[in-house]
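Coordinates in review
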Amino acid sequence: MIGRVIDVPEELAATQSRYNGAAGRAFVAGLPDLAARCLERWGLRPDGPSMHGMCALVLPVVREADGRPAALKLQAVDEETAGEPVALRAWAVAGAGAVELLDHDPESGALLLERLDERRPLSGATDVREAVGVLGGVLARLVAVPAPEGLRTLGGVVERMLAAAPEAVALLADAADRRLLADCAAAVREVAREPGDRLLHWDLHYDNILAGRAEAGRAGEWIALDPKPLAGDPGFELFPALDNLFDADEVVWRFDALTEALGLDHDRERARAWTLGRVLQHGLWAAEDGEGRLPPDHAEIARRLLGR
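Summarised in this report is the structure supplied together with it. (Residues numbered from 1 in each chain as written. Predicted model: local features only at pLDDT ≥ 70, side-chain atom pairs only at ≥ 80, totals over all residues. Heavy atoms only, no water.)

The next thing to look at is the packing of aromatic side chains. One pass over the full model with this rule turns up two aromatic pairs. Summarising the aromatic geometry, the rings of Phe-236 and Trp-274 are spaced 6.0 Å apart at their centres and angled 85° between planes, so their arrangement reads as edge-to-face. Within this pair, whereas Phe-236 is found in the loop between β11 (230–232) and α8 (239–243), its partner Trp-274 is found in helix α10 (residues 268–288), the two being separated by 38 residues in sequence. The exposure class assigned to Trp-274 is buried, which follows from its relative accessible area of 0%. When the ring centre of Trp-253 is taken as origin, the NZ or CZ atom of Arg-129, which lies over that ring, is 4.0 Å away. (Phe/Tyr/Trp six-rings, centres within 6.5 Å; stacked < 30°, edge-to-face > 60°. Helix = DSSP H or I, 4+ residues; strand = E, 2+ residues; numbered from the N terminus. Buried < 20%, exposed > 50% of the residue type's maximum accessible area, 1.4 Å probe, protein only. Lys NZ or Arg CZ within 6 Å of the ring centre and 35° of its normal.)

Laid out in structure tokens, this is it:
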């Protein structure tokens, strides 16, 4: 019955197989049993169709003990997801506006979270500039929190990126892309010695902010979820808000609005360098996947920030 309840989506299975190979296929195959164990362990009953992103399956549930709606998030444990419960607890203590963690199974990586209003993502806002302002406010509260000990660090991420950059640049087919990615790497080298110590979300785009539920006392709140946390400089957080709901003519405006919201406008060049670091990161992934070109939107973001 549980297998029918969670109905593992083909898109999630395909993504796991593509990016994680045999481990991803094993994760997908184990989802029905994992869901059954979590439902029993936490006294939950399913309460609607499952949802998914690229990495996780989310099952709406109700806690039988008190009738509270919740969300059961099932995901593999890896470098990115291991820090999620740590970050959520730190943000909760600080009242920073992240989704509430109700329980966590360290062995499987399963999370029991408060239920938000999945019908109201920030990406559905009719005024995109207003959405940018909301995201900037949410992000400012998140990065105000110092990173707890033990999280992966931006310093470690950058060290690996810069080591891989020369080979990745050479793999790109287009000369303009090669120059652009090399310029991104050069910008990152300028700031790499001070990677920062704030608690970063890493993936705060407009679909990762949902409206709170009135019955949970969070009506009118916009709440962040699905972090891939690390310790680092807040400038490394801006790229998703430039790329998601992409508009080339709005790149510089959004960048300026976000740096002001986070108090980074006094050191705009540093924030720009870290944003170019995200273009470098995605460029490395594109090269590793044999794509031969930078994603067009990412290349345009870099060009706009470099004033080209």
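Still more to cover.
The next point concerns the pairing of strand β3 (residues 56–63). In terms of residue burial, β3 counts as a mostly covered element, since six of its eight residues are buried. Here three bridges tie strand β1 (residues 44–46) to β3, and the two strands are oriented antiparallel to one another. When the bridges of β3 are listed, Pro-46 appears paired with Val-61. Pairing of strand β2 (residues 51–52) with β3 involves two bridges; the strand directions are antiparallel. Across the sheet, residue Met-51 finds its bridge partner in β3, namely Val-58. Hairpin connection between β2 and β3: a loop of three residues separates the two successive antiparallel strands. Two strands pair when backbone bridges link them, and β3 and strand β4 (residues 69–75) are joined in this way by seven bridges, in the antiparallel orientation. The partner of Leu-57 across the bridge, within β4, is Leu-74. Where β3 folds back onto β4 in an antiparallel hairpin, the turn is made up of five residues, including Gly-67, whose phi is positive at roughly 75°. (Pairing = 2+ DSSP bridges.)

Using the criterion set out here, one finds 21 salt bridges in the structure. Across the salt bridge formed by Asp-226 and Lys-73, the nearest N and O atoms sit 2.6 Å from each other. Within this pair, whereas Asp-226 is found in the loop between β10 (222–224) and β11, its partner Lys-73 is found in strand β4, the two being separated by 153 residues in sequence. Given a relative accessible area of 5%, Lys-73 falls into the buried group. A salt bridge links Glu-250 to Arg-129; the nearest nitrogen and oxygen atoms lie 2.8 Å apart. Of this pair, Glu-250 sits in the loop between α8 and α9 (251–261) while Arg-129 is found in helix α5 (residues 128–143), placing the two residues 121 residues apart along the sequence. The exposure class of Arg-129 is partly exposed, given its relative accessible area of 40%. Through salt bridges that share partners, Lys-73, Glu-84, Asp-226 and Lys-228 make up one connected network. (Salt bridge = Lys/Arg side-chain N within 4 Å of Asp/Glu carboxyl O.)

It is worth spelling out the packing of α10 against helix α11 (residues 296–305) at this point. Direction vectors running N to C along α10 and α11 enclose 155°, while the axes themselves pass 10 Å from each other. Of the possible angle classes, the one that applies to α10 and α11 is roughly antiparallel. Handedness of the crossing formed by α10 with α11: left-handed. The segment α10 lies against α11, with Arg-272, Thr-275, Leu-276, Val-279 and His-282 engaging His-298, Ala-302 and Leu-305. Grouping the amino acids of the contact of α10 with α11 by side-chain chemistry returns four nonpolar, three polar and one charged. (Axes fitted to C-alpha atoms, helices over the stretch in contact; angles between N-to-C directions. Parallel < 35°, antiparallel > 145°, perpendicular 65-115°, else oblique. Left-handed = near helix turned anticlockwise from the far one by under 90°. Contact = heavy atoms within 4.5 Å. Nonpolar A, V, L, I, M, F, W, Y, C, P; charged D, E, K, R; others polar.)

What follows is about the nonpolar core. One broad rule of soluble globular proteins: the nonpolar side chains tend to lie buried together. The biggest cluster of nonpolar side chains holds 70 residues, and the ones touching the most others in it are Trp-91, Leu-135, Leu-142, Leu-204 and Leu-280. With 20 residues, the next largest nonpolar core counts Leu-12, Ala-70, Leu-72 and Ala-110 among its residues. (Core = buried A, V, L, I, M, F, W, Y, C linked by side-chain atoms within 4.5 Å.)

Looking along a regular strand, one sees side chains alternate from face to face of the sheet. One ladder, built from four bridges, connects β4 with strand β6 (residues 111–114); its direction is antiparallel. What sits directly across from Leu-72, in β6, is Leu-112. Hairpin remark: strand β5 (residues 101–104) followed by β6, antiparallel, with six residues in the connecting loop; positive phi at Gly-109, about 85°.

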